[in-house]
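# Structural description and commentary
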Amino acid sequence: MKLPRSIAGWTIAVFGVLALVMGAVGLLWPEAQLRMLGLEVPETRAVGDHTGTFLLASSMAAFNMGVYYLLATVTEWRVFYRFTVVFRLVTFTVFTIAVLADIAPDRFFGVAAWEGLGAVATAIGLRLDARRGGAGATPAVDASGDVGDAGAAPADAVR
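Just so we're clear, the structure is a prediction, and the values are computed from it rather than from any experiment. (Residues numbered from 1 in each chain as written. Predicted model: local features only at pLDDT ≥ 70, side-chain atom pairs only at ≥ 80, totals over all residues. Heavy atoms only, no water.)

### Digging into helix H5 (residues 109–132)
Along an α-helix, a turn takes 3.6 residues, which lines up residues three or four apart on a common side. With 24 residues, H5 extends 34 Å between its outermost C-alpha atoms, agreeing within 8% with the 34 Å of an ideal straight helix rising 1.5 Å per residue. Buried within H5 are the following residues: Ala112, Glu115, Gly116, Gly118, Ala119, Thr122, Gly125, Leu126 and Asp129. Turning to H5, the residues buried within the fold contact helix H1 (7–28) and helix H4 (78–100). (Helix = DSSP H or I, 4+ residues; strand = E, 2+ residues; numbered from the N terminus. Expected span 1.5 Å × (residues − 1). Buried < 20%, exposed > 50% of the residue type's maximum accessible area, 1.4 Å probe, protein only. Contact = heavy atoms within 4.5 Å.)

### Considerations on a nonpolar patch on the surface
A cluster of nonpolar side chains, namely Leu3, Trp10, Val14, Leu18 and Trp114, defines an oily patch on the protein surface of about 490 Å² accessible area. Here the nonpolar patch takes three residues from H1, the largest share from any one element. By the secondary structure assignment, Trp114 is in helix H5. (Patch = residues over 30% accessible without salt bridge, like charges linked within 9 Å, V, L, I, M, F, W, Y side chains within 5 Å. Areas by Shrake-Rupley, 256 points an atom, 1.4 Å probe, with all protein chains shown as cover. Salt bridge = Lys/Arg side-chain N within 4 Å of Asp/Glu carboxyl O.)

### Looking at unusual backbone geometry
Residue Glu76 is not a glycine yet carries a positive backbone phi of 50 degrees. Using a relative accessible area of 0% as the deciding quantity, one classes Glu76 as buried. Even without being glycine, Asp102 reaches a positive phi, approximately 60 degrees. Its place among the elements puts Asp102 in the loop between H4 and H5.

### Observations concerning the nonpolar core
The nonpolar side chains of soluble globular proteins are, as a tendency, buried together. The biggest cluster of nonpolar side chains holds 10 residues, and these are Ala8, Ile12, Phe15, Ala19, Tyr69, Ala72, Phe80, Tyr81, Val85 and Leu126. Elements supplying a minimum of two residues to this core: H1, helix H3 (51–75) and H4. Of all the elements, H1 adds the most residues to this core, at four residues. Not counting chain neighbours up to four residues away, the residues in contact with Ala19 comprise Ala62, Phe63, Met65 and Gly66. (Core = buried A, V, L, I, M, F, W, Y, C linked by side-chain atoms within 4.5 Å.)

Shown next, in the form of structure tokens:
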């Protein structure tokens, strides 16, 4: 795998690796994932308790999201970087409200903070990259060796 070519790319890569790892932890060792989030892990679950099903689905989504973020890093897909800033701030807001409304345990605020700080780090990276490189786009090189606009979708994503 190629290393990121921009500051913003590094922030996306870090989040991607952590999403991939945390998704794998949730799939392979769900009890550890629940404990990290400050959620109860009872000896047995009541009939109709679908915590395991929900954890399986959210862990698989996190794993896939990690792959998507790493793909965006490899292709230096800056439109995706900007998109994540907005939606990670939305996630921060929703998760923070969940903690404040006692829907989620206090420890869950760590997840909200991670999302918010990640969004801010990517936004700062995008701004620094723009200052460093003029227009802010690092030229992307596709599989054929052609240099294109890094802000555009990768060629395979358009087809």
